[in-house]
Amino acid sequence: MNLRRSAILREMGLAPLWRLRTAAETADAGEISPSPAPFGHPLPQAGEGLILPSPTSGRGAGEKGEGNEWSDLSQERADTSRIAAMDWQELEETIRACRSCVLCEKRTQAVPGVGDRQAHWMFIGEGPGVEEDRRGEPFVGQAGKLLDHMLAALGLKRGENVYIANAVKCRPPHNRTPEAAEIAACAVFLDRQVALVRPRLLVALGRPAAQALLGREISIAAARGKRFERDGVPVIVTYHPAYLLRNPLDKGKAWEDLCFARRIVAEGQ
Ligand code: URA
């Protein structure tokens with residue numbers, strides 16, 4: 001291990017723990033599911049069950065108002081197809097103008113995503129925090145520093161072969177967890193980002209991200225070490241860096257997850 005790598009691992013409090021297991025050790029530990037373990041539930045289609053962004057409507061996610069439900073539904077379908085055909089510029093402009101849920105009311109700005117648009121690795125977080133809301137970039141606060149160290153431990157760097165986005169693009173007030181309706185309102189944007197990047201792997205950082213990617217609630221503890229799939233793209237889940245800052249003893253488990261992730265990306269070569 002070179003000095004830089006050791007320094008990174010020390011910084012994460014991982015130096016004694018982070019070691020890539022041999023295949024035999026992994027099998028003995030029985031922690032990593034060797035084969036895909038889909039949940040057996042169909043994933044929601046982009047925008048399913050939502051009223052999609054209409055910059056002028058001002059409706060909250062899930063609110064159908066007094067209007068005709070059938071026209072709402074056809075509007076929703078039209079919005080979904082429009083977004084599903086957008087290029088990066090249109091997509092980011094639409095995200096920045098979005099007013100489809102209450103999160104738009106308190107944001108400074110929406111935070112679409114950042115990084116290499118042809119990345120093999122795509123990391124999905126929960127939603128912007130105060131610093132991200134101010135700067136317009138995901139994971140630039142304390143949790144972002146840890147994420148950068150996690151990337152470095154994998155030999156990766158923000159912006160190089162890595163794309164980072166969030167389940168919701170606007171900051172939930174007081175950094176609360178985004179609600180299911182807010183995640184659903186933003187899903188069409190995440191869908192398009194994933195379709196444009198076409199990564200080899202999606203890494204869900206924490207429960208809301210996993211919910212956004214897999215379309216159902218899961219427990220991180222139960223889902224770690226399993227390989228899920230979303231539209232043909234492998235998905236793994238691990239702890240959110242903010243959780244790891246509060247629970248540093250779980251950093252070793254996060255490293256196991258990242259090693260698992262690295263094997264999946266290598267398999268796709
Ligand atoms: N936490 C997240 O989930 N995303 C960010 O962008 C920042 C903190």
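Residues numbered from 1 in each chain as written. Predicted model: local features only at pLDDT ≥ 70, side-chain atom pairs only at ≥ 80, totals over all residues. Heavy atoms only, no water.

**A short note on the overall build of the protein chain**
Stage number 1. Summing up its helical and strand segments, the protein chain has eleven helices and six strands in all.
Stage number 2. Classification of the 269 residues of the protein chain by burial places 49% in the buried group.
Stage number 3. Within the protein chain, counting contacts between residues at least 6 apart in sequence, those at least 24 apart form 75% of the total. (Helix = DSSP H or I, 4+ residues; strand = E, 2+ residues; numbered from the N terminus. Buried < 20%, exposed > 50% of the residue type's maximum accessible area, 1.4 Å probe, protein only. Contact = heavy atoms within 4.5 Å.)

**A word on the confidence of the model for the protein chain**
Stage number 1. Model confidence for the protein chain is summarised by a mean pLDDT of 83, while 75% of its residues fall at 70 or above.
Stage number 2. Here residues 15–65 scores under 50 on pLDDT; set against residues more than four positions off or in separate chains, the count is 94 contacts. (pLDDT = per-residue confidence, 0-100.)

**Re the side chain of Lys-169**
Stage number 1. Inspection of the secondary structure assignment puts Lys-169 in the loop between strand 3 (162–166) and helix 7 (180–197).
Stage number 2. In this structure Lys-169 is buried but unpaired, with Glu-92 as the nearest side chain of opposite charge at 9.3 Å.
Stage number 3. Separated by 2.6 Å, the side chains of Lys-169 and Gln-193 make a polar contact.
Stage number 4. Beyond its immediate chain neighbours, meaning those up to four positions away, Lys-169 contacts Ile-95, Gln-109, Ala-110, Val-111, Pro-112, Pro-128, Cys-186, Phe-189, Leu-190 and Gln-193. (Lys, Arg positive; Asp, Glu negative; His and termini not counted. Salt bridge = Lys/Arg side-chain N within 4 Å of Asp/Glu carboxyl O. Polar contact = N/O pair within 3.5 Å; in protein donor to acceptor, adjacent residues only side chain to side chain.)

**So, the site of the ligand**
Stage number 1. All residues adjacent to the ligand are Gly-125, Glu-126, Gly-127, Glu-132, Pro-138, Phe-139, Asn-166 and His-240.
Stage number 2. The separation between an oxygen atom of the ligand and a polar main-chain atom of Phe-139 is 2.9 Å.
Stage number 3. At a separation of 2.7 Å, an oxygen atom of the ligand approaches a polar side-chain atom of His-240.
Stage number 4. Within the complex, the protein chains bury 91% of what would otherwise be the 230 Å² of accessible surface of the ligand.
Stage number 5. Mapping the ligand onto the cavity grids shows that it belongs to the largest pocket.
Stage number 6. Its residues assigned to classes, the shell around the ligand shows two nonpolar, four polar and two charged. (Near = heavy atom within 4 Å. Areas by Shrake-Rupley, 256 points an atom, 1.4 Å probe, with all protein chains shown as cover. 1 Å grid on protein atoms, 1.4 Å probe; cavity = no way out; pocket = protein on both sides within 12 Å on 5 of 7 lines; lining within 4 Å. Sits in = over half its atoms within 2 Å of the grid points. Nonpolar A, V, L, I, M, F, W, Y, C, P; charged D, E, K, R; others polar.)

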